[in-house]
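Observations on the three-dimensional arrangement
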Amino acid sequence: MTTPRRDALLIMILWWTALVAGVLVWLPLMRGATQGAAYRWELVRGIGGQGIGGDYWMLVVAAAFVLVLLDLGWRGGRKPFHWLLLMFHLPLAAGVTWAAVTDPAGFRFEGATIGLDVSLALIGPVLFCGVAIAAIGWVVRDLRAGRAQERVPWVWTRATRIRLAILLALIPLEVVLFRSAGIQSTQNVIGVALVGWQWVLVNLILSRARASATM
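This paragraph deals with unusual backbone geometry. Leave glycine aside and you will find that most residues have negative phi; peptide bonds, for their part, are mostly trans. Looking along the chain, the bond that leaves Lys-79 and enters Pro-80 is cis, with omega of 10 degrees. With respect to the helices and strands, Pro-80 occurs in the loop between α2 (56-74) and α3 (81-102).

Now the structure itself:
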């Protein structure tokens with residue numbers, strides 16, 4: 001079996017997608033479930049809650065969407081990946097640009113746990129619009145190429161089983177860390193780092209548990 005050429009542009013888009021989805025979806029999804037009502041989250045303005053209350057179900061839907069998107073992407077971009085990719089990045093780029101134009105002072109990334117407060121008014125539109133344009137370019141290029149899209153089966157490698165075991169083992173540890181101290185405590189900072197590590201593991205599982213690499 002031959003290994004197809006790695007698609008550097010697709011890999012870049014996928015890791016950026018994973019980074020954004022990790023911050024916007026995975027982090028509040030896991031903290032809401034493990035930290036409970038002490039954790040306040042907001043997906044977008046007007047959509048949020050405490051713990052698993054409020055609009056938490058929307059986080060679950062968003063997480064399912066992102067996992068399907070990334071799974072198809074890490075398989076090499078099998079359809080309907082192209083359309084899901086544009087559904088993710090185009091509205092996001094438009095929303096970021098709108099927020100930066102209409103409320104530049106209030107458009108900030110805030111991380112209460114680590115005391116982070118950064119303005120996104122300038123860098124936000126550049127990054128998100130840049131990636132959206134790259135996604136459009138990749139979709140057009142890939143569809144024009146008419147690339148054969150063979151199904152890449154899942155393989156339960158030893159590394160995949162170990163990553164999955166670690167991912168699941170981190171959940172009770174996060175519960176203990178998040179519920180043992182305040183929002184800006186060392187325990188919470190460690191908990192956030194573990195949630196981030198979980199998301200990296202998810203993407204490594206999706207990208208490497210395959211019989212052949214399309215990346």
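With 22 residues, helix α5 (residues 158-179) ought to run about 32 Å at 1.5 Å a step, and its terminal C-alpha atoms sit 33 Å apart, in line with that. Its axis deflected by about 30 degrees at Pro-172, α5 carries its strongest bend there. Residues of α5 that are buried include every one of Thr-160, Arg-163, Leu-167, Leu-170, Glu-174, Leu-177 and Phe-178, and no others. Tucked inside the fold, the buried residues of α5 contact α1 (8-35) and α6 (186-208).

Locating His-89 in the fold gives a position in helix α3. Excluding anything up to four places from it in sequence, His-89 contacts Ile-13, Trp-16, Thr-17, Val-131, Ala-132 and Ala-135.

So, about the packing of α2 against α3. Put simply, α2 and α3 touch, their axes get as near as 9 Å, and they point 130 degrees apart. Comparing their axes, α3 and α2 come out oblique. Along this stretch, α2 crosses α3, giving a crossing that reads as left-handed. Together, Phe-65, Val-66, Val-68, Leu-69, Leu-72 and Gly-73 of α2 and Phe-81, Leu-84, Leu-85, Met-87 and Phe-88 of α3 make up the contact between the two elements. Considering only residue class, the contact of α2 with α3 consists of ten nonpolar, one polar and no charged.

What follows is about the nonpolar core. Nonpolar side chains in soluble globular proteins tend to end up buried together. Residues Leu-70, Phe-81, Leu-85 and Trp-199 are the most contacted members of the largest nonpolar core, which totals 47 residues. Those elements that place two or more of their residues in this core are α1, α2, α3, α4 (123-145), α5 and α6. A total of eleven residues in this core trace back to one element, the largest contributor, which is α1. Every residue in contact with Phe-81, bar those within four places of it in the chain, is listed here: Leu-10, Leu-14, Leu-69, Leu-72, Gly-73 and Trp-138.

All right, on to a nonpolar patch on the surface then. A contiguous nonpolar surface patch, about 430 Å² in accessible area, is contributed by Leu-19, Val-23, Leu-24, Phe-109, Leu-116 and Val-118. When contributions to the nonpolar patch are tallied by element, the ones reaching two or more residues are α1 and β4 (116-119). Sort the elements by how many residues they give to the nonpolar patch and α1 lands first, with three residues. Along the chain, Leu-116 falls in strand β4.

Below, the discussion takes up the environment of Val-118. Examined against the element boundaries, Val-118 turns out to sit in strand β4. Put simply, Val-118 and Phe-107 are eleven residues apart on the chain and 8.8 Å apart in space, counted from C-alpha to C-alpha.

Turning to the side chain of Thr-34, a few remarks are in order. Tracing the sequence through the fold places Thr-34 in helix α1. Residue classification places Thr-34 among the buried residues on the basis of a relative accessible area of 2%. Of the polar contacts made by the side chain of Thr-34, one reaches the backbone oxygen of Met-30; its length is 2.7 Å. Non-local contacts of Thr-34, meaning those with residues more than four positions away in its chain, are made with Ile-171, Glu-174, Val-175, Phe-178 and Arg-179.

A few words on the packing of aromatic side chains. Inspection of the entire model under this criterion finds five aromatic pairs. Between Phe-81 and Trp-138, the ring centres sit 5.5 Å apart and the planes meet at 80 degrees, which makes this aromatic pair edge-to-face. With Phe-81 in helix α3 and Trp-138 in helix α4, this pair connects stretches of sequence that are 57 residues apart. Both residues of the pair, Phe-81 and Trp-138, belong to the buried class.

The next thing to look at is the pattern of salt bridges. The final tally for this structure, using the stated rule, is two salt bridges. For Arg-141, the salt bridge is made with Asp-7, and the minimal N-O distance between the two is 2.7 Å. Linking Arg-141 in helix α4 with Asp-7 in the segment before α1, this pair joins segments that are 134 residues apart in sequence. Overall, Asp-7 belongs to the buried group, its relative accessible area being 13%. For Asp-71, the salt bridge is made with Arg-75, and the minimal N-O distance between the two is 2.7 Å. Summarising the burial analysis for this pair, Asp-71 and Arg-75 share the class buried.

What counts, and at which threshold
Residues numbered from 1 in each chain as written. Predicted model: local features only at pLDDT ≥ 70, side-chain atom pairs only at ≥ 80, totals over all residues. Heavy atoms only, no water. Helix = DSSP H or I, 4+ residues; strand = E, 2+ residues; numbered from the N terminus. Expected span 1.5 Å × (residues − 1). Bend = angle between axes of the 7 residues up to and from the residue. Buried < 20%, exposed > 50% of the residue type's maximum accessible area, 1.4 Å probe, protein only. Contact = heavy atoms within 4.5 Å. Axes fitted to C-alpha atoms, helices over the stretch in contact; angles between N-to-C directions. Parallel < 35°, antiparallel > 145°, perpendicular 65-115°, else oblique. Left-handed = near helix turned anticlockwise from the far one by under 90°. Nonpolar A, V, L, I, M, F, W, Y, C, P; charged D, E, K, R; others polar. Core = buried A, V, L, I, M, F, W, Y, C linked by side-chain atoms within 4.5 Å. Patch = residues over 30% accessible without salt bridge, like charges linked within 9 Å, V, L, I, M, F, W, Y side chains within 5 Å. Areas by Shrake-Rupley, 256 points an atom, 1.4 Å probe, with all protein chains shown as cover. Salt bridge = Lys/Arg side-chain N within 4 Å of Asp/Glu carboxyl O. Polar contact = N/O pair within 3.5 Å; in protein donor to acceptor, adjacent residues only side chain to side chain. Phe/Tyr/Trp six-rings, centres within 6.5 Å; stacked < 30°, edge-to-face > 60°.

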